[in-house]
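# Commentary on secondary and tertiary structure
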Amino acid sequence: MGVRATQNSAPILSAAEAGELLERHWGISGELTPVGSFEDLNYRVRRGDHDALLKVCERSAEEIAREHAVMAHLAGRELEVGVPAPLPTRDLQYSVPAGAARAHLLMWVPGLPLSEVPYLASSTVTALGRLAGLTTAALADLALEPDEESKWDPRLAVTVVRELLDATDLAQGAMAADLETAIAPLDALPPQVAAALPSQMIHGDISDYNALASPGARGELPVTGLIDFGDVTHTWRVCELACACVATASRAPADPLGAMRAVLAGFHGRNPLGEAEIEALWPLILGRAAACAALSAHHLGRDETAPYMVGMHQGDVEALRTLLALPGRLPTAVFRSLTGLHPAPDTLGLPARLRAAAPVALIAEPVSALDLGVASDDLEDGGWLDPGAEAMLAAAAGPVSATRWGEVTLTQAGHPGPHAAETLRLGITVHAPRGTPVRAPLSARVVQAAPGALRLRLPEPGIELRLDGVDPVLEAGAEVAAGATLGATASAPLHVQLITDPTQPRTGRVRDRTAWQALCPDPSPLLGAELAAPVSVDADAGRARRAAAVASAQGLYYDAPMAIVRGWRQYLYDAAGRPYLDMINNVAVVGHSHPRITEAARRQFRLLNTNSRFLYDAMARYAQRLADLLPDGLDQVFLVNSGSEACDLALQIIRVATGRQDIVALQGAYHGWTSGVFEACTSPADNPFWAETKPDFVHLASQPDPYRGLYGADAGGYIDSVGEACARAGSGGAGPAGFISEAMLGNQGALVPPAGFLPGAYARVREAGGLCIADEIQVGYGRTGETFWAFEHSGAQPDVVCIAKAAGNGHPIGAVVCRPELAQALGRRAAFFSSTGGGPVSCEIGLAVLDVIADEGLQANALAVGEHLRASLQAVMADHRLVGAVHGRGLYLGVDLVRDPVAKTPATQEAHAISERMRELGVIVQPTGDHGNVLKVKPPLCVTTDDADHFAESLDRALGELEVHLPHP
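Conventions used here
- Residues numbered from 1 in each chain as written.
- Predicted model: local features only at pLDDT ≥ 70, side-chain atom pairs only at ≥ 80, totals over all residues.
- Heavy atoms only, no water.
- Pairing = 2+ DSSP bridges.
- Helix = DSSP H or I, 4+ residues; strand = E, 2+ residues; numbered from the N terminus.
- Axes fitted to C-alpha atoms, helices over the stretch in contact; angles between N-to-C directions.
- Core = buried A, V, L, I, M, F, W, Y, C linked by side-chain atoms within 4.5 Å.
- Buried < 20%, exposed > 50% of the residue type's maximum accessible area, 1.4 Å probe, protein only.
- Contact = heavy atoms within 4.5 Å.
- Disulfide = S-S within 2.5 Å.
- Phe/Tyr/Trp six-rings, centres within 6.5 Å; stacked < 30°, edge-to-face > 60°.
- Lys NZ or Arg CZ within 6 Å of the ring centre and 35° of its normal.
- Expected span 1.5 Å × (residues − 1).
- Parallel < 35°, antiparallel > 145°, perpendicular 65-115°, else oblique.
- Nonpolar A, V, L, I, M, F, W, Y, C, P; charged D, E, K, R; others polar.
- Salt bridge = Lys/Arg side-chain N within 4 Å of Asp/Glu carboxyl O.

## Notes on the sheet that holds strand 16 (residues 437-439)
Taken in spatial order, the three strands make up an open sheet running 16-22-20, and their pairing is antiparallel. Strands at the two margins of the open sheet, each flanked by one partner only, are strand 16 and strand 20 (470-472). Between one strand axis and the next, the sheet turns by 40 degrees as a mean value, whatever way the strands run.

## Side note on the nonpolar core
By size, the foremost hydrophobic cluster in this structure holds 213 residues, and its most contacted members are Ile-285, Leu-323, Tyr-622, Phe-757, Tyr-781, Phe-951 and Leu-955. Here this core takes 16 residues from helix 9 (residues 275-302), the largest share from any one element. Once residues lying within four places of it in the same chain are set aside, the contact partners of Tyr-781 are Val-589, Tyr-622, Leu-626, Phe-788, Trp-789, Ile-803, Ala-806, Ala-807, Val-849, Leu-850, Ile-853 and Leu-941.

## As for the environment of Gly-383
Its location among the elements puts Gly-383 in the loop between strand 12 (368-369) and helix 13 (389-397). Residue classification places Gly-383 among the partly exposed positions, given a relative accessible area of 26%. Counting along the chain gives 28 residues from Gly-383 to Thr-411, while the straight-line C-alpha distance between them is 8.5 Å.

## Comments concerning the state of the cysteines
A full pass over the atoms with the stated rule returns zero disulfides. Among the cysteines around Cys-772, which has no disulfide bond, Cys-726 carries the closest sulfur, lying 8.3 Å off. For Cys-772, a relative accessible area of 0% corresponds to the buried category. The thiol sulfur of Cys-818 is not disulfide-bonded, and the nearest other cysteine sulfur, from Cys-802, lies at 9.9 Å. Given a relative accessible area of 0%, Cys-818 falls into the buried group.

## Some words on the packing of aromatic side chains
When we look at a pair of aromatic rings, we describe it by the centre distance and by the angle of the planes. Scanning the entire structure with this criterion turns up ten aromatic pairs. With a centroid separation of 6.4 Å and 70 degrees between ring planes, the pair formed by Tyr-557 and Tyr-558 is classed as edge-to-face. Taken together, the aromatic side chains of Trp-384, Trp-568 and Tyr-573 make up a single cluster linked through ring pairs. In this arrangement the basic side chain of Arg-613 is found over the ring face of Phe-833, its NZ or CZ atom lying 4.1 Å from the centre.

## Let's talk about helix 2 (residues 61-75)
With 15 residues, helix 2 should reach 21 Å at 1.5 Å per residue; the first-to-last C-alpha distance of 21 Å fits that figure. Every buried residue belonging to helix 2 is among Ile-64, Arg-66, Glu-67, His-68, Val-70, Met-71, His-73 and Leu-74, and all of these are buried. Buried residues along helix 2 sit in contact with strand 3 (52-57), strand 4 (86-87), strand 6 (101-107), helix 3 (122-139) and strand 8 (199-202).

## Here's the deal with the environment of Val-125
Here Val-125 shows up in helix 3. In this view, Val-125 contacts Leu-120, Thr-248, Ala-259, Ala-262 and Val-263; residues no more than four positions away in its chain are not counted.

## Side note on the packing of helix 2 against helix 3
Orientation of helix 2 relative to helix 3, taken along the N-to-C sense of each, is 100 degrees, at an axis distance of 10 Å. The orientation of helix 2 with respect to helix 3, classified from their angle, is roughly perpendicular. Between helix 2 and helix 3, the contacting residues are Val-70, His-73 and Leu-74 on the first element and Thr-135, Ala-138 and Leu-139 on the second. The residue inventory of the contact of helix 2 with helix 3, partitioned by class, reads four nonpolar, two polar and no charged.

## Quick look at the pattern of salt bridges
What the rule picks out here adds up to 45 salt bridges. Notably, a salt bridge pairs Arg-90 with Glu-23, separated by 4.0 Å at the nearest N-O pair. Residue Arg-90 is found in the loop between strand 4 and strand 5 (96-98), and its partner Glu-23 is found in helix 1 (residues 15-25); the two are separated by 67 residues along the sequence. When its relative accessible area of 56% is taken as the criterion, Arg-90 is described as exposed. Salt-bridge contacts for Arg-506 lead to Asp-468; the nearest nitrogen and oxygen are separated by 3.5 Å. Pair noted here: Arg-506 is in the loop between strand 23 (494-499) and strand 24 (507-508) and Asp-468 is in strand 19 (residues 464-468), with a separation of 38 residues, a long-range link.

## Description of the sheet that holds strand 34 (residues 814-818)
In space, the seven strands of this open sheet follow the order 28-34-33-32-31-29-30, with mixed pairing throughout. Since the sheet does not close on itself, it has two edges, and those belong to strand 28 (636-640) and strand 30 (698-701), each with one partner. Here the strands of the sheet are splayed against their neighbours by 20 degrees on average, with no regard to which way each runs. Across three bridges, strand 32 (residues 771-775) lies against strand 33 (residues 800-803) in parallel orientation. Across the sheet, residue Ala-774 finds its bridge partner in strand 33, namely Val-801.

## Things to note about the pairing of strand 33
Here strand 33 shows two buried faces, one formed by Val-800 and Cys-802 and the other by Val-801 and Ile-803. Sheet topology places strand 33 next to strand 34; four bridges connect them, and they run antiparallel. Residue pairing in the sheet places Val-800 in a bridge with Cys-818 of strand 34.

Right, dumping it as C-alpha cells:
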C-alpha cells in the first residue's frame, strides 16, 4: 500500500496572482501576507476586522469539502474554541481552481499560535491535550465517506517512512537508523491490540502550530482556537493524542515525558481511553515522530532555504531523538499508571514470588541497610554533596552494606537548576570487600557477560537481573543453577537491579515512581534482606493532611506546593530530593541547618531549658551582646518569642512612658499579628479590611515610596505627612505616644525611603512629644550590608528597637531594646514576663547566630553579593519592560514588576506567574507589596555570587518567556 509520501509540495502563486484570484472569485481585496505552511500556500488577507486566510493546496474539491464538513461539525458543537469557517465564492462555490491546485478561503481565526510562545507551562500543555480530547469526542459521530489514506496518519507511519527510505536518499543519511528504530514498535503492534482500537474522523494535527491562544493582559494563555484542517482523516481515535504528544516533545527536550503526561491528562480527562489505546499510544507516538522527521527532511531537500521548513525539520528531528532517548517501556508504563491501569502487569507480585523461590542470596554475608534518603540522620551538614559520601557511610556501616531500593537519594540531588535530578533508586548497590563471591539466587541463563557486568534471564518471563560490579566466571549463553557461583565483586560496588528492558537506568524521576517500581521491581528477596526504602512524603497527601487539621488562613506558597524536607545553607530540598535556591528566607539569616547553631541548641537542651525567671548566665550574655551592637543609650533588653510580641511590647513601652494612646504608622505597613499591633497594620495583603477596622487612635502617614509614592523622591512631603499625623493624634491634639516604622520598608519589597526621611520623621514625632520605634525584624542583622541595623544607614536613632526573625535563625527569639528610663517606666507599672522568651536554649542560639555572622563575615558578604546581585538585576531591568525598578540595599532587594513602565501599573498576576516559573527553574521567590507585584529578594546571608547569577539568569529567562505574549501597554 502506498500513501504518496513523496508527493505534494507547496503550490507557487505570487501575491499579485493570489490577489487577482480573490477579486475574481470572491470579490474581495486586501493586504496579502504569506503564512508559513508545510505543503500548502497560505496568504493572510488583511481586511480590517474581517481578515481571511486564502489556502492554495494540491487537494481535490472532495478533499477540501471534507475539511469544511469537519469544521462545520465542530462549529456546531460549541467546542470552547474558535474554528475556521469557509467563505463561498460569488457563485457559491467553496473551492476554485488555481493553476494545478485549488484555492479556498476561510475566515481568519484570531490568536497566537502556541509555537510562537517560547515556554509552555504545564497548564497550557494540559489544555492542548484537553482540546484534542474535546475534538475527538465531538467528531465521534461524524460519518463521512471513506477518504484517501493520508501520509500524516500515525497509523500509517511504517508505510510512510519505508516509502521515503526507498524513494529518497534518506536511507543513506544518519537519520535512517533512528527512523527504523522508531517505527519498529508500531510495526510489531499485536493484531489484537489494533483490532480493539476505536476509529473515527480526527483533526490529525492538534499541535502547538495549530492551537491558538488569546493571551490575557496578565500573561495567561487560554487555548481559544484550532486551525489547519488539511490533515483530517478517518483513523484510530488515539492517533489524535499521539500527534499532540509528538508536538509537545520537541518543546521539552529535557523532559518530553513530562510534557506527554500533561497532554494525556488533558485528553483522558475529556475523552477516556481504553487499555488497547494506551498500549498503542507509545508505538504511535514514535511512528508519528518518525514520519514527521522523514517528511520534513524530504520537503527540506526540495527547498533548503524556506525558514518555515527549516524550523519545522529541526523541531521534528529534536522530537524524534528526544523520544528515542526515553528508557524502554517507561512511557507506556507511565501512560498506564496515569489512566488507572497497572503500569506493568507482567511484574505484578514478582517480589513475593522471588522471595518464595530464591533458595540462596546473591551474597552469603548479612547485609545492613544504608540510609541515603532526603531526611537521613546519617547525612549531616551538607555531607551529601561530597561525591564520596555513600562510600564513607558504607565503610562505617560494616563489612557488607547496601543502599535501599526505591529510595529518594539525597546524594544524587546535585545543585539547584531548571530540571529535577533522577534521584529514585531503581536497584540496590551493595558495598562488599572486593572478591566477595556472588551466587545465582535462582536458576537462570546468562544473557550478557563482560568485565564488571553480568545480565541473567530469570525464570520469570521478560525479567532480567542486571549485576554491575561483578567479575563473571561465566560466558553468555551459559545455564546456571541456583546457588552456582556467578563471579566475585570487583573494585566498584555491586549494583543489583531487576529490569524489564536493557535500556533502563539505575535511577529515575520520583514523579514516575509508580511506573518505575513496576518496571524495576524490588530485588531485596535476591539478597536475603529487606532493603526497600519507606515511601517518601507525597506533596498532595501532605497538603490534604494539612488542609484537614491546619486552619486555612495559614496559607502556602505556590499553586502546587512542594513538600520541603530539608534545608542546608541557602538551599531547600523537597521530598523528591530536588534542591531549590532559597531567595526569600530572611529568617534563616546565616543559612539553614547551620552546625554551630544546631550544636548550641543540642548542648543547651541537654543542660537546661526553663523559663526566664531563673538565674542563668546565657540570658545576661545574650542581652549584653545585643546592647553592644546598638548605639549608646539603647541598653535595656526585653527578650520575647516573636516579632509580633516584640512590636506589641514596644507599643506598650512607649504608651506607658508617655501616658498617651495614639500611634503614628506608615500606610501599607505590617508589624505583626497580636491585637495591639495588628491595629496599626494597613498592608492590604495582611489586613485587607484595615480601612473599616482601623481604630481612631492609629494615625497614618504617607508611605515614603520614591518610586510611586505621593511625593516621589521628595523626603519633605513625607516628613510633613508624619507631622500632620502627629497633629491629629491625641484627644484635643495632645500628641502621639510614638511612631513605629521600618527604616527600609521590607513589607513593600525593600523600598528605601528618600534620603533624610527617617531623621526628619523622628524629629517631627519628638517635637510632638512622642517616641520612635525602629522595627528591625526584617531589615536588621547585617542584611543591608553597610550597617548592622537598617536605621543606622539613615543617621537616625530610635528610642526603641524591635528584633526577631533572623535573631534565632528560625528558632523563636525576639527582643525589644530601649533606653533605661523607658524600661523603668514599664517596670513601675507591671512586671514583664515571657515564659520561654529568653530561655537558656533561645539565648544560646541567639549568641551562636551573632557569632556566625561575625566569624563568617556575613554582613560583608551581604554587601558584596548584594551589590553584585543589584547590578545584575538592573541589567535584567534594562532588557525587560516588566521590571519597573529594583529597590533595596544589600541582600534585601525588591524587583518591582509593572504592566506599564510609565504609569507604573503593578503587575500583580504577572508577579505570581513569574514566581511559579522560577520555582520550576529551581529558585524560590515570592511577591510582596501592597499590590503583590514586587518580588522580594532576601536570601540567607551566606548566598554566593554564583547563586546571585543563577537567580538573575533564571529571572531573565522567566521574564523573557512571559513578555513574548504580553500585550504592549
